[in-house]
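If you want the building blocks of each chain, they are given just below.
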Protein chains: 2
Amino acid sequence: MRLGAIEAGGTKFVCGIGDETGQVSEQLRIPTTTPAVTLAAVVDFFQEHPVDAIGIGSFGPIGVNPQHRDFGYITQTPKAGWENVNFLGYMRTHLNIPIYWTTDVNVAAYGEYRLGAAKNVENLVYFTVGTGIGAGVIYQGHFLQGFNHLEAGHIFVNHRPDDDFAGVCPYHGDCLEGLASGPALEQRFGQPAQALAANPVVWELEADYIAQACVNYTLSYSPDRIVIGGGVMHQEQLFPLIRQAFKSQLAGYTTTPELNSYIQRIALNDDAGLTGCLLLAKDLIDSGQTVGA
Amino acid sequence: MRLGAIEAGGTKFVCGIGDETGQVSEQLRIPTTTPAVTLAAVVDFFQEHPVDAIGIGSFGPIGVNPQHRDFGYITQTPKAGWENVNFLGYMRTHLNIPIYWTTDVNVAAYGEYRLGAAKNVENLVYFTVGTGIGAGVIYQGHFLQGFNHLEAGHIFVNHRPDDDFAGVCPYHGDCLEGLASGPALEQRFGQPAQALAANPVVWELEADYIAQACVNYTLSYSPDRIVIGGGVMHQEQLFPLIRQAFKSQLAGYTTTPELNSYIQRIALNDDAGLTGCLLLAKDLIDSGQTVGA
Ligand SMILES: Nc1ncnc2c1ncn2[C@@H]1O[C@H](COP(=O)(O)OP(=O)(O)O)[C@@H](O)[C@H]1O
Ligand SMILES: Nc1ncnc2c1ncn2[C@@H]1O[C@H](COP(=O)(O)OP(=O)(O)O)[C@@H](O)[C@H]1O
Ligand SMILES: [Zn+2]
Ligand SMILES: [Zn+2]
């Protein structure tokens, strides 16, 4: 079975061909320019490399609720030219195969859920701390979503009184993303996050906010595992600090699996997204549907 | 069909008899003393008033995961004498009928979902602001839960810099419950919440925290509706303040249904819990199972 994957990002699209084991055999990177040019290049690729189904993980926000008019669209994105673009509709017009449609963070979550750091668990919270903070929740095998997809990277947490940084989120200022994303570290401490590796003050503060996110997700979903990815999490010293802060913040209020397994680093790294797309494409074929979300 | 309901609280148990429309025809209040005495009185009531199934909504924390040893138990409650009590097991030993088992907040959520302020919606967040703050989420008709039941009344929110109150949560200090429950208002302002009705400073601050909870729930679940109950919400002037603060805090980051329908007051009031128990008992019979959670 030949399956297709599209990881649609704000700077590049990655198209992949692979199989139902999640192995990618071929890929193409396409710069994200205008929808007309970029989407046409994606269609060209899959016309030259026919597949039985495609999984798409797109930057957003996107419409994932089949009952809404914006289903299949990239909606109010700040990315110039991409607002209200019917991405899924364009693909379905040009490629007559089943297509699964979800967010970029969800496809990576699904890769980790099936083949990475969360295989063998039922309920997963996955989040990524990079340029932004994005979260995806898999509940009993399916993405948790409702009126819209989740945006749980922007929850409010307790802005520490000893942290007078205002936060970088253009919408909320000091939401989680505003306080703890890579750009928040860079603006607060004056250097890119990777250059701050040796400063323990940085990682104690960062671990506090990420732990608060883990506490809120624990209380809100009671998952079996929390997997964290994204550029900032290359600082592996964060993990013990996060687990320690999590334990002290949660204060025994509810139980979780043992913390070394409960809070883990991503295992598939850069492959999580494409792998997730391939497996979602396969699931869609198995479901007998032509479109999924 | 005769159905039973048990609302098990820390000060009293309310047992009810009713039918599949959720109408209660008879009830008995039993003070919460020791498990031996209180649970025996509950069993006596249902032996004198036989029913086809019972729904239980219990104070907690309780074990709701059938894969855990504490399933059916009241677990680490601070209520003296009630820790590690096998409530469901006791009922099943003495009453040979199907029994549905969940939290006190979940049964009220279910009552509102089926017959109250959230009928006709698919996904509901319900929370109650009283002595504590408890939340229940109904996702596609079922309670959202995982390793344990949710405890989303204790999430962290942004403790306002102009609010120097330390918070009353014995576990977390200034979590949502610690900052915005009835006792938090009473300790912060020196009078019981109902006596503060005329002070606008109180309700502006309270609305800010409740709105932050609504923002976090919106970003974390994207529900169709948020219904709020509990003693503090008798202050109906809170609702417009909450909607206004919610709008400004969310800052358009995701869309929701129109706010007057999205954020609503509970409709069934004190009946929500017993009604929910009866309907859950009926659903359990329909499912053909003897125990549900
Ligand atoms: N080794 C590192 N240590 C700490 N921060 C890093 C590291 N590598 C990248 N980052 C930070 O991660 C952010 C980029 O996140 P990344 O997940 O790589 O990309 P994106 O979120 O744009 O997909 C930047 O803010 C960068 O400073
Ligand atoms: N009319 C009211 N206005 C404001 N606060 C109230 C009102 N009635 C009760 N409360 C507060 O609600 C809390 C009790 O919550 P309630 O939901 O009635 O009970 P419980 O949470 O114990 O089941 C107390 O802190 C009380 O001060
Ligand atoms: Zn934000
Ligand atoms: Zn708390």
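First, a word on what this report is: a plain description of the structure on this page. Chains are numbered independently. Their residues run from 1 in the order of the written sequence. Note on labels: chains are lettered from A, ligands numbered from 1, in written order. Residue-level local features of this predicted model are given only where pLDDT is at least 70; pairs of side-chain atoms are given and counted only at 80 or more, and the full residue set underlies all totals for whole chains, interfaces and linings. Hydrogens and water are ignored here; the side-chain numbers use all heavy atoms of the structure.

## Let's talk about the environment of Val 64 of chain A
Test applied: To qualify as a helix, a DSSP run of H or I must reach at least 4 residues; to qualify as a strand, a run of E must reach at least 2; elements of each kind are numbered from the N terminus. Working rule for contacts: check all heavy atoms of both residues, and any pair within 4.5 Å makes them a contact.
Mapped onto the elements, Val 64 of chain A comes out in the loop between β4 (53-58) and α2 (87-94). Excluding residues that lie within four positions of it along the chain, Val 64 of chain A makes contacts with Phe 71, Trp 101, Gln 145, Asn 148, His 149 and Ala 293 of chain A.

## Re the sheet that holds strand β5 (residues 99-103) of chain B
Paired through backbone hydrogen bonds, the strands of a sheet run either parallel or antiparallel to each other. Residue and element names in this part refer to chain B. What counts here: Criterion used throughout: strands pair if DSSP finds at least two bridges between them. For helices, the fitted axis covers only the stretch in contact; all axes are lines through C-alpha atoms, and the angles between them, taken along N-to-C directions, range from 0 to 180 degrees.
One open sheet holds the six strands; their spatial order is β3-β2-β1-β4-β5-β11, and the pairing between them is mixed. Looking at which strands have only one partner, the edges of the open sheet turn out to be β3 (24-31) and β11 (291-292). When strand β2 (residues 12-18) meets β3, the two strands line up antiparallel, connected through seven bridges. When the bridges of β3 are listed, Val 14 appears paired with Arg 29. On the sheet, helix α1 (residues 35-48) packs against β1 (3-8), β2, β3 and β4 (53-58) and is oriented at approximately 10° with respect to β2. Lying over the sheet, helix α3 (residues 104-115) contacts β4 and β5, oriented at roughly 105° with respect to β5.

## Quick notes on the packing of aromatic side chains
We apply this condition: To pair, rings of Phe, Tyr and Trp, with the six-membered ring standing in for Trp, must have centres within 6.5 Å; the planes then decide the type, stacked if under 30 degrees apart, edge-to-face if over 60, and tilted in the middle. Whether a residue is buried, partly exposed or exposed follows from its accessible area with a 1.4 Å probe, protein chains only, as a fraction of its type maximum: under 20%, in between, or over 50%, in that order.
Overall, the coordinates contain 26 aromatic pairs over all chains when judged by the stated rule. Plain terms: the ring middles of Phe 59 of chain B and Trp 82 of chain B are 5.8 Å apart, the flat faces sit at 70° to each other, and that makes the pair edge-to-face. Here Trp 82 of chain B lies in the loop between β4 and α2 (87-94) and Phe 59 of chain B lies in the loop between β4 and α2, a separation of 23 residues in the sequence. Accessibility classification places Phe 59 of chain B together with Trp 82 of chain B in one group, the buried group. Members of the aromatic cluster, joined through ring pairs, are Phe 127, Tyr 217 and Tyr 221 of chain A together with Phe 127, Tyr 217 and Tyr 221 of chain B.

## Description of the coordination of the zinc ion (ligand 3)
For a metal bound by four donors in tetrahedral geometry, the ideal donor-metal-donor angle is 109.5 degrees, whereas six donors in octahedral geometry ideally sit at 90 or 180 degrees. In plain terms, the rule: Counted as donors are the N, O and S atoms within 2.8 Å of the metal, or 3.2 Å for Na, K and Ca, while water is not among the atoms, so some sites may look incomplete. Here a site with four donors is tetrahedral if all angles are between 85 and 135 degrees, and a site with four or six donors is square planar or octahedral if opposite donors are over 155 degrees apart and the other angles are between 65 and 115; anything else gets the irregular label.
The protein atoms donating to the zinc ion (ligand 3) are His 154 of chain A (ND1), Cys 169 of chain A (SG), His 172 of chain A (ND1) and Cys 175 of chain A (SG), with metal-donor distances spanning 2.1 to 2.4 Å. Taken together, the four donor atoms surrounding the zinc ion (ligand 3) define angles of 102 to 118° at the centre, an arrangement classified as tetrahedral.

## Some points on the site of ligand 2
All names here are of chain B. The test is simple: Summary of the distance rule: residues count as near a molecule or strand when at least one heavy atom falls within 4 Å of that molecule or strand. Identification of polar contacts relies on pairs of N or O atoms within 3.5 Å, with a donor-acceptor requirement for protein atoms, meaning one able to donate a hydrogen and the other able to accept it, and with residues adjacent in sequence counted only if both atoms are side-chain atoms. To measure how exposed things are, a 1.4 Å probe is used in the Shrake-Rupley method; for residues, cover is taken only from the protein chains shown. Under the convention adopted here, Pro, Cys and the residues Ala, Val, Leu, Ile, Met, Phe, Trp and Tyr are nonpolar, Asp, Glu, Lys and Arg are charged, and Gly plus all remaining residues are polar.
Within the structure, ligand 2 sits among Gly 130, Thr 131, Gly 182, Pro 183, Ala 193, Gln 194, Gly 230, Gly 231, Val 232, His 234 and Gln 235. At 2.6 Å from an oxygen atom of ligand 2 is found a side-chain nitrogen or oxygen belonging to Thr 131. Separating an oxygen atom of ligand 2 from a backbone N or O atom of Gly 231 is a distance of 2.8 Å. When ligand 2 sits alone it has 560 Å² of accessible area, and the protein chains cover 63% of it. The class makeup of the residues in the shell around ligand 2 is three nonpolar, eight polar and no charged.

## Description of the site of ligand 1
All names here are of chain A. Around ligand 1, a shell composed of Gly 130, Thr 131, Gly 182, Pro 183, Ala 193, Gln 194, Gly 230, Gly 231, Val 232, His 234 and Gln 235 is seen. Gln 194 places a side-chain nitrogen or oxygen 2.7 Å from an oxygen atom of ligand 1. For ligand 1, an oxygen atom lies 2.8 Å from a polar atom in the backbone of Gly 231. Against a free-state accessible area of 550 Å², the protein chains account for coverage of 62% of ligand 1. Counted by class, the shell around ligand 1 contains three nonpolar, eight polar and no charged residues.

## Observations concerning the environment of Ala 180 of chain B
With respect to the helices and strands, Ala 180 of chain B occurs in helix α4 (residues 176-180). Once the C-alpha coordinates of Ala 180 of chain B and Cys 169 of chain B are considered, the two residues, eleven residues apart in sequence, prove to be 9.9 Å apart.

## Brief notes about the interface of chain B and chain A
To be explicit about the condition: In the sections that follow, a salt bridge refers to a side-chain nitrogen of Lys or Arg positioned within 4 Å of a carboxyl oxygen of Asp or Glu.
If you look at the interface, chain B gives 40 residues, while chain A gives 40 residues. Scanning the region where chain B abuts chain A turns up zero salt bridges. The interface formed by chain B and chain A contains 30 residue pairs in polar contact (both at pLDDT 80 or more). Contributing elements (two or more residues each) for the side of chain B that touches chain A: α6 (200-221) and α7 (238-250) of chain B. Among the elements that line the side of chain B that touches chain A, the one with the most residues is α6 of chain B, at six residues. Per-class residue counts for the side of chain B that touches chain A are 18 nonpolar, 19 polar and three charged.

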